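Spelled out from the first residue to the last, the chains are:
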Amino acid sequence: MANLEAKSYMSPWQLAIVVFVTSVGAQILLSPRSLIANAEHGAWISVLLGGMLFYSATCLMLVLAKEYPDETIVEYAPRLFGKVGGNLVVIWFNLLFFLQVIQIFYGMGKIITFYMFDRTPPEVVIVALLAVCAYCAVQDWGTIMRIQQFMFFVAYSILILVWLASILNLQPENLLPIWPVNTKAVVNGGFSTWNMYAGYECVLLLMPLVYRQVSLGSLIKIMGGAFGCLSLLFLLVIVIIIGVLTVEGAKNLLYPALIVIRSVELPGTFIERLENYLLIAWIPVVFDTLAAMMFFMGQVCMRHWRQADHRPWVLFLVPIIYVGSTLLDNQQVYEMTSKFTMWLGLSFSFILIPLSLLLVWWQKRKAGTGCG
Amino acid sequence: MWKILIAGKGGSVIKNKKCIQKLSKYMPEASLAIAKKKLEQLQDIITQSAEFGEEIGQIIAQLRKVAAPSNEPFLFTSVLTENEALLRAVFRDCEDIEFRTFDAGNRKALLVYLKGMCDTSNLERNVLKSLMGQTSPTNANTVNALNGLNDMKAISEQILGSASVRIVKKANTLIEAIMAGNALLLIDGLAEGASIAAVKHVKRDISAPYNEYALQGPDEAFNEEINDNIALIRRRARDTNLKVHIMRVGERTKTSVAVLYVANLVKPGLVEEVKRRIGLIKKDKLLNSATIDQFIVDHPWSPFPQTQTTERPDKMLAALYEGRVGIIVDGTPVEILVPCTYNVLMQAPDDYTMQPIVASLIRFSRNAAAFLAIYLPAIYVAVVSYHPGMLPTTMAISIAELRARTPFPSFLEAIMMEILLELIQEAIIRLPLKLTGAASMIGAFIIGNTVVQAGLINPLLVVVIATTAISSYSMPSYHFSMALRWTRVPMLILASMLGLYGVILGVLAITIHLCSLRSFGESYLGGMFNVDLLSDWKDSVVRLPAKLLKERPKEFGAQDQIRIGDSDGQSGS
């Protein structure tokens, strides 16, 4: 008995935390500009709308996963869509993680070099974090889950605390008009928040670890808590950015959140240049997402090729991720990839998953008819 | 002009030689090379003789085994002289073994024991007097006693007055018993021996702990004697569920290792795993518990301790009642507790003797100290070298002024200070007690004053390194503070290369390492922020009043989570 620790399950609260930390990622600093540019004053409604949309997508995924309690999407996709279709679904699923990971690495490298090391090439920053993420991703799920909980309590509390300091510069009149006129932009903005909420797809991989602990109803409720917290956090970010910079100001800045926090002064205190503190708290948040996604990619490959160990796959993916992140060599390519990933993610959540549920329902009905 | 008489070959004498000549010129066998060769031959002969003697000894020993099983050196016969000869062969060149022959009635008897390890007055009173007195011709019971001499069991039951007597037929067991300090009684005509417990040897008294001093609370500490240490635990708990399993480790030393646990609390499988790992230890000698520690941990290359060590029996007992397992090693006063997590390493005995609110604050400061002990010098180097803008302007200017007076970059300054600090710490530990005060003074003077005055190090770095050192001293576990010291250097390197970004990456790497470490299945750090184990915070992150500590820590998976009637609230430290 090498290990006495039971790791073959996780509690629903742990799943909620995993979904939360996997979703937040780098996008709290990377995404606000495009969202504000699209939805303008209605960005806060887009955030809430997005929260509801992607929560419903998560619920659909939970329902689907509950149909195959001991399997992940990698195992049941070929049964639903046939061998070729199943393989395509698995590739689609893994591609979602891969594209998000390379975008986060690219964005993170840009931000860190821009605000902390202006003379250092972004590749150095990316390689350093990639090494740490790979070290984490080659661990077992029990370890990664613990790290995520650790970061949830430590890094997020620091991040939120530092971010809340920017309330000092908030001008409530900048938020006006609170109710927007352009409904279409708000709805589009809601869909575009996929980049912020993305990561919830991990429930399709993690459900077998949690389903025995709780009923589907309770799990959906607990997951609602996770999405509530996500929406609240994104709302806090968007509202403060608009409140401090105005919509016009935020639209013209690449990373408005960092400008917001940079403008904060705390006279009479020891603390200056708050953007450095925010970045210090943000790096573990980004790491959390990246490590989890790299682990998921390794797991998908491992399960697809029916192997017992995900670690060689993680190590195999490391250079591919590095090359992928360096290929996004300018903002235009990055935004194009981001848009492509968003449509890929949206179609996965709102076309493929409902289709899978329909197929499950149809197969069940067919099986029932056959039994007479 | 020299006149030298040299005895030449055949006794001829050469006179009036004008210079000194070599003796070997006239006596070739006296040349240095030949002498060396002869000497080597002689050495070879001596070595061969010794080997030959050993081989003969081994052959004799093999011949003496006769029909003995492969794992026994010989079989006892019913002839005392033969048994004595066999034992003397085994204990050849062991001059501390005493062979005491005496008359027990009409038979010869032999008492074999290790001088200095055996209580001779006990043997005189309970063995020699009993056997010699009861079987003397003047004694009225002689006839009965003589009848009893036909059976060792009857002798032990009717004649011997010792508290513990064991009848043994196997030679190996008896030899081990003698080496452990017991006496062996052999009687002519009986092909078995009696192992008489009469162990008494020089040992240290129970004293106060050297490294785990508590301001309030018991002052007893373990000593080097395993039985005393077990007794210190037993004396505190009249509980039949407290079990002791003794094993022997070390092919030559056969050191006793006791595994202690509370049967109805310990996590199922844990005791078996501990026994399995100890049983797998293959080593000739076991001299201290640290050796066991290195054999049973999951990650021997990690700098962080994965077992908890303690000198305090109260601490061990408290840990046993949390469902953990204690390992007591004979010959060492520092014993082991498993599983070990970050939480238990952060607990100190005094936490349970002071007010809960104060204890909670101290725990918080201890955790902060652990953070500072690893990261403070790295943060200093990162901020000073890469991010001076994070500092208030006045402070940044004053630091720049201070640094302008020193010739080295901040990383080198920090490394130099670390090396200096390590040297002083090592010197203080190694020096005799009377010199440590002087060494501390010199160290403090050098670090605090001279290096600054010499313009080698800036004063702020002295403050940083001193804070770091004091932080690491505040750890309840010495091994943990050593690990913190060790991790400072890679952190400094990361800080010097990538500034605060490097520091954060270092923090992440250490966090991953600590979360991946497992001590007998329990996560080292992961349990601290596990949402399923948040109830354990009441005696980890903080320390609640004793009456609120109704449950045992979940992370150790005790079978019974409720501390029924346990009001002292003392936990695993």
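Everything discussed here concerns the structure shown above.
Since the model is a prediction, treat every value here as computed from it, not as a measurement. (Residues numbered from 1 in each chain as written. Chains lettered and ligands numbered in written order. Predicted model: local features only at pLDDT ≥ 70, side-chain atom pairs only at ≥ 80, totals over all residues. Heavy atoms only, no water.)

**Describing the pattern of salt bridges**
And then number 1: Under the criterion given, the structure shown has 33 salt bridges over all chains.
And then number 2: When the shortest N-O distance is used, the salt bridge between Arg273(A) and Glu275(A) registers 2.7 Å.
And then number 3: Looking at Arg273(A), the relative accessible area reads 34%, which means it is partly exposed.
And then number 4: Across the pair Glu220(B) and Arg236(B) runs a salt bridge whose closest N-O atoms are separated by 2.9 Å. Remark: Arg236(B) occurs in the loop between α8 (226-234) and β8 (242-249) and Glu220(B) occurs in the loop between β7 (193-196) and α8; sequence separation between them is 16 residues.
And then number 5: When its relative accessible area of 25% is taken as the criterion, Arg236(B) is described as partly exposed.
And then number 6: Taken together, the shared-partner salt bridges connect Glu273(B), Arg276(B), Arg277(B) and Asp298(B) into one network. (Salt bridge = Lys/Arg side-chain N within 4 Å of Asp/Glu carboxyl O. Buried < 20%, exposed > 50% of the residue type's maximum accessible area, 1.4 Å probe, protein only. Helix = DSSP H or I, 4+ residues; strand = E, 2+ residues; numbered from the N terminus.)

**Overview of the state of the cysteines**
All names here are of chain B.
And then number 1: Counted according to the given criterion, the structure contains zero disulfides over all chains.
And then number 2: In this structure Cys94 is not part of a disulfide, and its nearest cysteine sulfur, from Cys118, lies 15 Å away.
And then number 3: Relative accessible area serves as the criterion here: at 29%, Cys94 is assigned to the partly exposed category.
And then number 4: When its relative accessible area of 8% is taken as the criterion, Cys118 is described as buried. (Disulfide = S-S within 2.5 Å.)

**Some remarks on the packing of aromatic side chains**
Residue and element names in this part refer to chain A.
And then number 1: Applying the stated criterion across every chain, the model contains 35 aromatic pairs over all chains.
And then number 2: Their ring planes at 35° and their centres at 5.7 Å tell us that Phe54 and Tyr197 sit as a pair that is tilted. In this pair, Phe54 sits in helix α4 (residues 43-67) while Tyr197 sits in helix α9 (residues 194-197), placing the two residues 143 residues apart along the sequence.
And then number 3: Note on Trp313 and Phe316: the rings are 5.6 Å apart at their centroids and 90° apart in plane angle, and the pair reads as edge-to-face. You can see Trp313 and its partner Phe316 sitting in helix α14 (residues 311-327), three residues apart, about one turn around the helix.
And then number 4: Among the residues examined, Phe316 registers a relative accessible area of 47% and is labelled partly exposed.
And then number 5: Every member of this aromatic cluster is reached through a ring pair, and the members are Phe54, Tyr55, Phe191, Tyr197, Tyr200, Phe227, Phe234 and Phe350. (Phe/Tyr/Trp six-rings, centres within 6.5 Å; stacked < 30°, edge-to-face > 60°.)

**Brief notes about the sheet that holds strand β12 (residues 335-338) of chain B**
All names here are of chain B.
And then number 1: In spatial order, the strands read β8-β9-β11-β12-β10; together these five strands make up an open sheet with antiparallel pairing. Where the open sheet ends on each side, the last strands, each with one partner, are β8 and β10 (308-310). Across this sheet, the average inter-strand angle for adjacent strands is 25°, counted without regard to direction.
And then number 2: Bridging between β10 and β12 involves three bridges; their strand directions are antiparallel. Its bridge partner being in β12, Thr310 is matched across the sheet by Glu335. (Pairing = 2+ DSSP bridges. Axes fitted to C-alpha atoms, helices over the stretch in contact; angles between N-to-C directions.)

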